[in-house]
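Examining the three-dimensional arrangement
Listed below are the residues making up each chain.
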Amino acid sequence: MKGFTLWLGFLAMCLGLFMAVLDIQVVASALTTIGTALQIAPERLGWIQTGYLMAEVIAIPLTGLLTRALSLRWMFSAATLGFTLASLACAFAPDVNVLIGFRVVQGFCGGMLIPAVFTSIFVMMPKEREILATVLAGIFAVLAPTIGPFVGGYLTQHFSWHWIFLVNILPGLAVCLAVALCVRVGEAEPGVFGRIDYATLALTALFLASLQLILNEAPGRHWRGAFVFGVAAVCILSAALAARRALSHPAPFIDLRRFKNRAFALGCGLSFVFGTGLYGSVYMLALFLGLVRGHTPLEIGEIMMVSGAAQLLMAPVAAILEARMDARLLTALGFALFGLGLYANGLETPKSEFWGLFWPQVLRGVSVMLCILPATRLALEGWSAKDVPDASGLFNLMRNLGGAIGIAVIDTLIQSRTTDHVTALAKRLQAGDASAARLVGLPSQMFRGHDMGPVDELTKEMIAPLIRRAALTQSLNEGWLALAVLFALALLMVPMMRKPAPETEVRR
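As a starting point, this report considers the structure included with it. For every chain, the first residue of its written sequence is number 1, and the numbers climb from 1 along that sequence. Where local features are concerned, this predicted model is filtered to residues with pLDDT of at least 70; where side-chain atom pairs are given and counted, the filter is 80 or more; whole-chain, interface and lining totals use all residues. Processing note: side-chain calculations cover all non-hydrogen atoms of the structure and skip hydrogens and water entirely.

As a further point, take the packing of helix 3 (residues 46–70) against helix 15 (residues 388–430). Running from N to C, helix 3 and helix 15 point in directions that differ by 160°, and their axes come no closer than 9 Å. Judged on the interaxial angle alone, helix 15 and helix 3 are roughly antiparallel. The element helix 3 and its partner helix 15 pack so that their crossing is left-handed. Here Gly 46, Trp 47, Gln 49, Thr 50, Leu 53, Met 54, Glu 56, Val 57, Ile 60 and Pro 61 of helix 3 lie close against helix 15, whose contacting residues are Gly 393, Asn 396, Leu 397, Asn 400, Leu 401, Gly 403, Ala 404, Ile 405, Ile 407, Ala 408 and Asp 411. To obtain each axis, a line is fitted to C-alpha atoms, and for helices this fit is confined to the stretch in contact; angles are then taken between N-to-C directions over 0 to 180 degrees. Where helices and strands are cited, they refer to DSSP runs of H or I of at least four residues and of E of at least two residues respectively, numbered from the N terminus. Angular relationships are summarised with four words: roughly parallel below 35 degrees, roughly antiparallel beyond 145, roughly perpendicular across 65 to 115, and oblique for the angles in between. Whether a crossing is left-handed or right-handed is set by the direction in which the near helix is turned from the far one by less than a right angle, anticlockwise for left-handed and clockwise for right-handed. Residue contacts are defined here by distance: any two heavy atoms, one from each residue, within 4.5 Å place the two residues in contact.

Two numbers describe how helix 14 (residues 354–380) lies on helix 15: the axes approach to 10 Å, and their chain directions differ by 135°. In this view, helix 14 runs oblique relative to helix 15, as classed from their interaxial angle. Between helix 14 and helix 15 the crossing geometry is right-handed. Contacts between helix 14 and helix 15 pair Ala 375, Thr 376, Ala 379 and Leu 380 from the former with Ala 391, Ser 392 and Phe 395 from the latter. Basically, the charged four are Asp, Glu, Lys and Arg, the nonpolar ten are Ala, Val, Leu, Ile, Met, Phe, Trp, Tyr, Cys and Pro, and anything else, Gly included, counts as polar. For the contact of helix 14 with helix 15, the per-class residue count stands at 5 nonpolar, 2 polar and no charged.

Next up on the list: the nonpolar core. What tends to happen in soluble globular proteins is that the nonpolar side chains get buried as a cluster. We call a set of buried Ala, Val, Leu, Ile, Met, Phe, Trp, Tyr and Cys residues a nonpolar core when their side-chain atoms join them within 4.5 Å. Burial classification: accessible surface area is computed with a 1.4 Å probe over protein chains only, and a residue below 20% of its type maximum counts as buried, one above 50% as exposed, and the rest as partly exposed. Counting residues in hydrophobic clusters, the biggest one holds 133 residues, and the most contacted among them are Phe 10, Ile 34, Phe 264 and Leu 476. Among the elements that line this core, the one with the most residues is helix 11 (residues 262–292), at 17 residues. Contact partners of Leu 476, with chain neighbours within four places excluded, come to Met 284, Leu 287, Phe 288, Val 292 and Ile 414. With 11 residues, the next largest nonpolar core counts Ala 436, Phe 447, Ile 467 and Ala 471 among its residues.

A word on the environment of Ser 120. Along the polypeptide, Ser 120 turns up in helix 5 (residues 96–124). Note on Ser 120: relative accessible area 0%, which makes it buried. Look past the residues within four positions of Ser 120 in its chain and what remains in contact with it is Phe 10, Met 13, Leu 72 and Met 125.

Bringing a nonpolar patch on the surface into the picture now. Like-charged residues within 9 Å of one another, or nonpolar side chains (Val, Leu, Ile, Met, Phe, Trp, Tyr) within 5 Å, are grouped into patches, provided each residue has over 30% relative accessible area and no salt bridge. A 1.4 Å probe and the Shrake-Rupley method give the accessible areas. Residues count as covered only by the protein chains that appear here. Counted as salt bridges are all cases of a side-chain nitrogen of Lys or Arg within 4 Å of a carboxyl oxygen of Asp or Glu. A cluster of nonpolar residues, Leu 81, Leu 85, Leu 88, Phe 92, Leu 170 and Leu 173, forms a patch on the protein surface that exposes about 600 Å² of accessible area. The set of elements that each furnish at least two residues to the nonpolar patch consists of helix 4 (72–91) and helix 8 (169–182). Considering every element that reaches the nonpolar patch, the biggest residue donor is helix 4, with 3 residues. Along the chain, Leu 85 turns up in helix 4.

Just geometry here; none of it tells us what the structure is for.
Below, the structure is given as structure tokens:
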């Protein structure tokens, strides 16, 4: 490939990566608006994000195989076209079930774009241009979460929520065309399709789908009944069969034998925890700003940009520190700062606004790269060159899996705990608790610690939304604090990671 054609094809691929990363952030700032438009219950909003993330979990380990089967050129073009058409379908989804279905397609196709770009750096670029290409890809990857919330909020408020998906159409078609015309690396090997472990692929998809279903639906059924027990049985059985086949198949869909390497297993654990915090925090902040504070999509996007801006500013600093500091110390610093930001978010009140949310977002934003870069090095250092791509895919898969499961668990917590908090707050108000009155937003001087007596229906109707907002805030705070505890526990894994000698080559 000639210079201009080479860089045009690579930049087109970077734009595809940008679209895939941007999609989670764009949708986050429009979640409550989509929920209102499609009449989605708050506890089901998480499906819009987890459907995307779960599909990425399936797509990431398939990327290498499909690249060899179709060639980088046609795999990337096909994935981009699929992402683009799924975006169009999402924009015109008539209900939540159709929307979630096409979000799954979006996530599956988008999940292949991100690792493919970083693969292209090493198979397309001359050795002397690899650093420049890596920097460019990194800029696109970091810029997306910075501007994503604002873009999503602006499009939703000034046009409609449909435009957060329609905005992908023209760039997606342009990327598809540019990659098809400009990328000329490798030849297709159709025989690879016969080596894909379809059975484990199907069992893994069944496990993830049933896990998502049980986490979202079981709380409303009080974790009882034939449906809950049936889905739980499918989840456990499919997980066991997938694991057994992955451990015995000569070329498994996901190679679980890599977890025999302690540093890699611990690194994947850290990646999973980080995913729960990264995606869970975005989701909870969007819910708080939309459902508790009642902000418009644009206001939500403007507030949520703080974390992305901090991440963007910290990225070059993190890269410098990563080359000069002990990776374990830097990882511990990153997880400690992120956990501190989560803890600070857990102190929200129904009146928390921009400045009350500013520093927690800054703490989380500056720690993102400190969590990712050194942990990646600790997990992947020591693998042979031929094993690094698959190990890297599994490591990154764990981050998305953590995000998907984290959001599902957060939904479960909100669904079960908000009702409890509503009941408890109503009882405290009835008993004249002044602190409960302040939390809800009622004049505390009216509550003097004794029974308030009968309350008329009109007053109940006026107070009910205030109690609901306060109860939801308490549930979200419990989610923030639970994540903070998880990050604190993750710090215990860091000292157990040992940096292997440079020449060490870990064998499967």
